[in-house]
Amino acid sequence: MIPATGQASRKVLAAHQVAKTYGGVYALRDADFTVHSGQVHALLGENGAGKSTLVKILTGVHSPDHGKVLIDGEPVAFHSPLHAERLGIHAIHQHLALVRGLSIVDNFLLGRTHAGDRAGRFGFLDRREAAKVAEEAAAAVGLHVDPFTRVSELSLPQAQLVQIARALTAEAKVLVLDEPTAALTPADRDNLFERLDRLRRDGVGLVYISHRLDEITALCDRATILRDGRIVREMAKDELTVDAMIEAMLDRPVRQLYPPRADGPSGSPVLRVEKLTVPGQPPVGFTVNGGEVLGLTGLVDAGMVPVAEAVCGSRRAESGVVFVDGSEALPRTALEGMRHGIALVPADRSQALVAGLSIAENLALTSSSRAQLASRTRRRFRWLSRRRTRADAAGVIDRFAVDPRRPELATGSLSGGNQQKIVLAKAVSLSPRVLVLIEPTAGVDVGSRAQIYRLLREIAAQGVAVLLVSSDMQEVCGLSDRVCVFRAGAIVAEIPGPTTERDIMGQATRPLAGVQ
Ligand SMILES: Nc1ncnc2c1ncn2[C@@H]1O[C@H](COP(=O)(O)OP(=O)(O)OP(=O)(O)O)[C@@H](O)[C@H]1O
């Protein structure tokens, strides 16, 4: 295939017969993969298939156990990701790869301050010039902040935008993007795609990982499919339909992504939020009935996340009241929230998991009461408790299709999507009256997403009030019974029944006249 600029496509980066094991288990084997200049190459596969492992080898995060990496046909051994960057290989990883204690501009400058560096713009240390570049690059992806702000003061989506902006200013031969749109609104995503298209036309080779398959169809020139650590198929652009990609990844079709909504009216109000005020936002109120899924959505930082966090107690509200089943329940901590029957699936999965503990141990740490119960039981019947914990975990692994199916594995060693399934399972195991989910399927593969959506419907059908906060508008439309659209911290519209992305965006971007 010839890039749009007319120059011939070159093999800029390649993996040849690459293999990687973790603790003796293959995450990747016999992988041959080539990135061409001027093309967008998708890497597809279920959670745990080996995509991130391949990307980490191609970008200097890990060394392969076998095989080699080649740049422009020459073998290369990266010492570190910064070494790979200096050779023109840049990446936006699924996890945040910024230094949280440093400002945005200092993160932009990291590794780019050497004379003769490929990132020529930062070939000398001029913070003011770098700040200007950082500010412009951030604005171009929809983030308007002071470039001297520390990353630790940003929200997770904002920090992800910084990561994207930093990579886009690099003079890259190859840019690898692992789930870059998880935190983006459709408008920001379109903006990013335009930038990526420009990079493609300039001859940059792009590797793109996403579980949002419509993005692959829109953007990619070819795809490589991984299953259980092996490359099982290559697909050309004209084969990249959503159904064909699902079959290639899962080896089975997914009949229906979103389960049918409940028939008839939902139950009585379970969650009632009145005049809830979080710092810098106007008071808001809404109700969620038992059996109902209420979607909260809007543009990035439209204010729905702080509101949802205040409902759960993971963020302090300034004022307002929250009722669960008619009892006053404005929690001041997440633990208080759990005691009132409110469970949270947070956006940042690292908040909800102890990476060094096993799947079974993380699941056992769900609530103070359960933890106390477990420790009491553990003291008296240590062997029984461990057996029960393992058996509980095995049940969760089956129900949520966690891979690998080994309760004793540390959650830190799971792939991103599988970690997310454990976070969700922890919240569900509390038997909550109100389940609050923030970006619940970011990084989760399409087969597992279908299972999770079915589970959420089942949970709602048991009379639970489900509050879904998501920037994936397809998900909001597919799953919600009703949608509240946020803008500048206020609810600007409540849309009953099935709705469309277009309706939501119309409300999310409407001028603010009349809204406090
Ligand atoms: N640091 C690690 N230690 C042990 N095992 C690991 C580690 N990182 C990954 N693995 C294992 O390697 C396999 C491949 O994981 P990888 O992260 O490459 O999958 P992935 O295709 O990127 O999945 P996802 O879509 O969920 O991000 C998984 O079984 C995972 O549990």
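Residues numbered from 1 in each chain as written. Predicted model: local features only at pLDDT ≥ 70, side-chain atom pairs only at ≥ 80, totals over all residues.

With an unreviewed UniProt entry as reference, the chain is termed Sugar ABC transporter ATP-binding protein, source organism Amycolatopsis panacis. The UniProt entry for the chain carries the following text under Subcellular location (unreviewed entry): "Cell membrane". (UniProt positions renumbered as here; feature names shortened; annotations may be inferred.)

Chemist: Kindly report on the packing of helix 4 (residues 127–140) against helix 5 (residues 156–168), identifying the contributing residues and their values.
Modeler: In the contact formed by helix 4 and helix 5, the axes pass within 9 Å of each other and the chain directions differ by 115°. Between helix 4 and helix 5, the crossing angle belongs to the class labelled roughly perpendicular. Both helix 4 and helix 5 take part in a crossing whose hand is right-handed. Residue-level inspection shows Ala 137, Ala 138 and Ala 140 of helix 4 in contact with helix 5, the latter providing Leu 161, Val 162, Ala 165 and Leu 168. The class makeup of the residues in the contact of helix 4 with helix 5 is 7 nonpolar, no polar and no charged. (Axes fitted to C-alpha atoms, helices over the stretch in contact; angles between N-to-C directions. Helix = DSSP H or I, 4+ residues; strand = E, 2+ residues; numbered from the N terminus. Parallel < 35°, antiparallel > 145°, perpendicular 65-115°, else oblique. Left-handed = near helix turned anticlockwise from the far one by under 90°. Contact = placed C-beta atoms within 7 Å. Nonpolar A, V, L, I, M, F, W, Y, C, P; charged D, E, K, R; others polar.)

Chemist: Explain the environment of Pro 259 to me, using residue names and the numbers behind them.
Modeler: Along the chain, the position of Pro 259 falls in the loop between helix 8 (242–250) and strand 11 (269–277). Residues Pro 259 and Leu 479 lie 220 residues apart in sequence; the distance between their C-alpha atoms is 7.7 Å. Among residues more than four places away in sequence, those in contact with Pro 259 are Tyr 453, Arg 454 and Arg 457.

Chemist: Give me the domain arrangement of the chain: which residues, what numbers.
Modeler: Taken domain by domain, the chain comprises domain 1 (1–88 + 172–253), domain 2 (97–171) and domain 3 (254–341 + 432–516). Just the C-alpha atoms count here: the centres of domain 1 and domain 2 sit 24 Å apart. Contacts between the two partners involve 13 residues from domain 1 and, on the opposite side, 13 residues from domain 2. Contributions of two or more residues to the side of domain 1 that touches domain 2 are made by helix 2 (81–86) and helix 6 (186–201). (Domains from an automatic or database assignment.)

Chemist: Go over helix 6 with me, naming the residues and quoting the values.
Modeler: Side chains of residues three or four places apart in an α-helix project in the same direction, reflecting 3.6 residues per turn. With 16 residues, helix 6 ought to run about 22 Å at 1.5 Å a step, and its terminal C-alpha atoms sit 22 Å apart, in line with that. What helix 6 keeps buried is the set Asp 188, Arg 189, Leu 192 and Arg 200. Along the long axis of helix 6, the arc covered by the buried residues comes to 120°, so they all point the same way. Facing away from the buried side of helix 6 by more than 90 degrees, the exposed set consists of Asp 190, Glu 194 and Arg 198. A positive backbone phi angle near 95° is found at Gly 203, which sits one or two residues after helix 6. (Expected span 1.5 Å × (residues − 1). Buried ≥ 20, exposed ≤ 12 C-beta atoms within 10 Å, placed from the backbone. Arc of directions from axis to C-beta.)

Chemist: Report on the confidence of the model for the chain, specifying residues and quantitative values.
Modeler: In the predicted model, the chain carries a mean pLDDT of 85, and the fraction of residues at 70 or more is 89%. In the model, residues 1–6 has pLDDT below 50 throughout and makes 17 contacts with residues more than four positions away in sequence or in other chains. This stretch, residues 114–124, has a pLDDT under 50; its non-local contacts, to residues over four places away or in other chains, come to 20 contacts. (pLDDT = per-residue confidence, 0-100.)

Chemist: Before we move on, could you go through the sheet that holds strand 8 (residues 205–209) and cite the residues and values that matter?
Modeler: Note: strands within a sheet are paired through backbone hydrogen bonds, in either parallel or antiparallel orientation. Within the open sheet, the 6 strands sit side by side as 6-7-8-3-9-10. Their pairing is mixed. Unpaired on one side and paired on the other, strand 6 (89–92) and strand 10 (230–236) mark the two borders of the sheet. Pairs of neighbouring strands in the sheet enclose a mean axial angle of 20°, with direction left out of account. Here 4 bridges tie strand 3 (residues 40–44) to strand 9 (residues 222–227), and the two strands are oriented parallel to one another. Residue His 41 lies in a different strand from strand 9, and its bridge partner there is Arg 222. Across the sheet, helix 8 is in contact with strand 3, strand 9 and strand 10; its angle to strand 9 comes to roughly 30°. (Pairing = 2+ DSSP bridges.)

Chemist: Just give me the short version of the sheet that holds strand 20 (residues 490–496), but keep the residues and values in it.
Modeler: Judged by pairing direction, the sheet is mixed, and its 6 strands sit side by side in the order 16-17-18-13-19-20 without closing on themselves. Taken across any chain shown, the strands that pair with only one partner, and hence form the sheet edges, are strand 16 (342–345) and strand 20. Adjacent strand axes in the sheet meet at a mean angle of 20° when their direction is disregarded. Pairing geometry for strand 19 (residues 482–487) and strand 20, over 6 bridges, is antiparallel. Bridged to Phe 486 within strand 20 is Ile 491. Its contacts with the sheet place helix 14 (residues 416–428) against strand 16 and strand 17 (434–438), and it is angled at close to 180° to strand 16.

Chemist: I'd like to hear about the site of the ligand, residue by residue, with values.
Modeler: Surveying the vicinity of the ligand reveals 21 residues, the closest of which are Ala 27, Ser 52, Ser 413, Ser 415 and Gly 417. Taken together, the elements giving at least two residues each to the shell around the ligand come down to helix 1 (51–58) and helix 14. Broken down by class, the residue content of the shell around the ligand amounts to 5 nonpolar, 14 polar and 2 charged. (Near = placed C-beta within 6 Å.)

Chemist: Any chance you could break down the nonpolar core for me, citing the residues and the numbers?
Modeler: Soluble globular proteins: nonpolar side chains tend toward being buried together. Counting 78 residues, the largest nonpolar core has Ala 308, Val 434, Val 436 and Leu 467 as the members making the most contacts within it. Ranked by residues supplied to this core, first place goes to helix 9 (residues 304–312) with 7 residues. Discounting residues that sit within four places of it in the chain, Val 436 has contacts with Ala 308, Val 311, Cys 312, Ile 342, Ala 343, Leu 344 and Leu 467. Counting 71 residues, the second-largest nonpolar core is a separate cluster that includes Val 18, Leu 175, Leu 177 and Leu 184. (Core = buried A, V, L, I, M, F, W, Y, C linked by C-beta atoms within 7 Å.)

Chemist: Describe helix 17 (residues 501–508), naming the residues involved and giving the relevant values.
Modeler: Of the positions making up helix 17, those classed as buried are Ile 504, Gln 507 and Ala 508. Around the axis of helix 17, the buried residues are gathered within 100° of arc, so they sit on the same side. Structurally, helix 17 contributes buried residues whose contacts are with strand 13 (293–298), helix 16 (473–479), strand 19 and strand 20.

Chemist: Can you break down the pairing of strand 4 (residues 66–71) residue by residue, with the values?
Modeler: Pairing of strand 1 (residues 11–22) with strand 4, which is carried by 5 bridges, proceeds in the antiparallel orientation. Residue pairing across strands places Ala 14 opposite Leu 70, the latter belonging to strand 4. Inspection of the sheet shows strand 4 paired to strand 5 (residues 74–76) by 3 bridges, in the antiparallel sense. Bridging from a neighbouring strand, Leu 70 pairs with Pro 75 of strand 5. In this structure, the hairpin formed by strand 4 and strand 5 is closed by a connection of 2 residues, where Asp 72 is found at a positive phi of approximately 45°.

Chemist: Before we move on, can you summarise the environment of Gln 507 with the specific residues and values?
Modeler: Position of Gln 507 relative to the elements: it lies in helix 17. Sequence-distant contacts of Gln 507, defined by excluding residues within four places in its chain, comprise Val 485, Val 492 and Ala 493.

Chemist: I'd like to hear about the pairing of strand 3, residue by residue, with values.
Modeler: In terms of residue burial, strand 3 counts as a mostly covered element, since 5 of its 5 residues are buried. Residues of strand 3 alternate between two faces, with Val 40, Ala 42 and Leu 44 on one and His 41 and Leu 43 on the opposite face, all of them buried. Where strand 3 and strand 8 come together, 4 bridges link them in parallel fashion. By the bridge assignment for strand 8, Leu 43 is matched with Ile 209.

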